[in-house]
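# Working through the structure, step by step
Here's the letter readout for the chains.
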Amino acid sequence: MNIETLIIAVAGVFAVASSIGVLLTKDNFYAALYMSVTMLFVAAIYAAFNLQPVVVIVALIFVGAVGIVTVAVAATYRARVSRQVSLFWTLPVIIVFGILAYAYYGLAVENLEITNQGVFSALPTDYFFVVVFLFSLVVVMMLSAVKLARGVDL
Amino acid sequence: MIDVGVSQLSVILTVSGAILLIAYLTAVSSKDLIRLLISLELMFAAVFLAILPLFSINPSMAYAVAIVTAFTSSGELLVLITAIIMLDRRKRGIEVEKVAVGGDSI
């Protein structure tokens, strides 16, 4: 195992540990913080592969915008509610995870090679209509959500 | 140019699967909408990690998928926050048990 694989494995272990923290904590605020830490470690894995545009997307949008809003909402509704974890669900999850891990190790047969990393600069031209469509869709969703929220009687 | 080894690929996909399954377990065990929102964001984080091998096959498509995932996550966050506000105003709480209407009853 070389140093890059070790870095990725360590970041992955911390990401899984943070996601387990989301599952185990009873406070919504700490759960949102653990979620943000998980996303940061996902960004760290991308940084290990020198994919800076995706690191920026994950760090700015996922952690900077979505994560902070989630933390703010979780801090507002910081109710200590009891979880309804059932041991009935834990066993199938462990079995499925074991099958997936065995399949990943069994089916991975050759190395991958990342090429043509400068394509991100061509994204606004190649996928112009997709980006415009997504912006329009998000604006429509925002307007619909604001209308629904304002239309509810107190 | 970056080479992705077999062991690295296995670690990435295993971590992605583990995060996804933990997010599923969090979703089925959540009793309020906040925890449900957090579990959905964890699922998007797992998806973000799972598309990393696509960068070696078609980087342009992989970047597009990453951006679509970010937009989808943002829209889902907005809609779910609206649902939380509406449920809080109507039911004076955000617990899942307060939703009395639903399911597949005919």
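Cut-offs applied
Residues numbered from 1 in each chain as written. Chains lettered and ligands numbered in written order. Predicted model: local features only at pLDDT ≥ 70, side-chain atom pairs only at ≥ 80, totals over all residues. Heavy atoms only, no water. Contact = heavy atoms within 4.5 Å. Buried area = accessible area lost by both parts, 1.4 Å probe. Salt bridge = Lys/Arg side-chain N within 4 Å of Asp/Glu carboxyl O. Polar contact = N/O pair within 3.5 Å; in protein donor to acceptor, adjacent residues only side chain to side chain. Helix = DSSP H or I, 4+ residues; strand = E, 2+ residues; numbered from the N terminus. 1 Å grid on protein atoms, 1.4 Å probe; cavity = no way out; pocket = protein on both sides within 12 Å on 5 of 7 lines; lining within 4 Å. Points joined across faces, edges and corners; volume = space filled by probe spheres on them. Nonpolar A, V, L, I, M, F, W, Y, C, P; charged D, E, K, R; others polar. Phe/Tyr/Trp six-rings, centres within 6.5 Å; stacked < 30°, edge-to-face > 60°. Buried < 20%, exposed > 50% of the residue type's maximum accessible area, 1.4 Å probe, protein only. Lys, Arg positive; Asp, Glu negative; His and termini not counted.

Our next topic: the interface of chain A and chain B. Contacts between chain A and chain B engage 77 residues on the former and 68 residues on the latter. Buried surface at the junction of chain A and chain B, both sides included, amounts to about 7000 Å², of which 76% is carbon and sulfur. Joining chain A to chain B, the criterion identifies 0 salt bridges. The tally of links between chain A and chain B comes to 7 residue pairs in polar contact (both at pLDDT 80 or more). At the level of secondary structure, the elements contributing two or more residues to the side of chain A that touches chain B comprise helix H1 (3–24), helix H2 (28–48), helix H3 (52–76), helix H4 (87–107), strand S1 (112–114) and helix H6 (128–151) of chain A.

There is about 180 Å³ of room inside the largest pocket. Lining the largest pocket are Val16, Ile20, Leu23, Val93, Ile94 and Phe97 of chain A together with Ala18, Leu21, Ile22 and Leu25 of chain B. For the lining of the largest pocket, the elements supplying multiple residues, two or more each, are H1 and H4 of chain A together with helix H1 (6–29) of chain B. By residue number, the principal contributor to the lining of the largest pocket is H1 of chain B, which donates 4 residues. Split by residue class, the lining of the largest pocket holds 10 nonpolar, no polar and no charged. In this structure, the second largest pocket spans a volume of roughly 150 Å³. In terms of lining, the second largest pocket is formed by Ile61, Val138 and Met142 of chain A together with Ala70, Phe71, Ser74, Gly75, Leu77 and Leu78 of chain B. For the lining of the second largest pocket, the elements supplying multiple residues, two or more each, are H6 of chain A together with helix H4 (59–91) of chain B. When its residues are assigned to classes, the lining of the second largest pocket shows 7 nonpolar, 2 polar and no charged.

This paragraph deals with the packing of aromatic side chains. Aromatic ring pairs are reported here in terms of the distance separating the ring centres and the angle at which the planes meet. Considering all chains together, one arrives at 5 aromatic pairs over all chains under this definition. Both rings, one in Phe14 of chain A and one in Phe41 of chain A, keep their centres 5.4 Å apart while their planes meet at 15°; by these two values the pair is stacked. With Phe14 of chain A in helix H1 and Phe41 of chain A in helix H2, this residue pair connects regions lying 27 residues apart in the sequence. Take Phe14 of chain A: its relative accessible area is 44%, and that puts it in the partly exposed class. You can call Phe41 of chain A partly exposed: its relative accessible area is 24%. Three or more aromatic residues link up through ring pairs in this structure, and these residues are Tyr46 of chain A together with Phe48, Phe55 and Tyr63 of chain B.

Following the sequence through the fold, Asp32 of chain B ends up in the loop between H1 and helix H2 (33–50). Arg35 of chain B provides the closest opposite charge to the buried, salt-bridge-free Asp32 of chain B, at an N-O distance of 5.0 Å. For Asp32 of chain B, the side chain forms a polar contact with the side chain of Asn28 of chain A, separated by 2.7 Å. Side-chain polar atoms of Asp32 of chain B contact the backbone nitrogen of Arg35 of chain B, separated by 3.4 Å.

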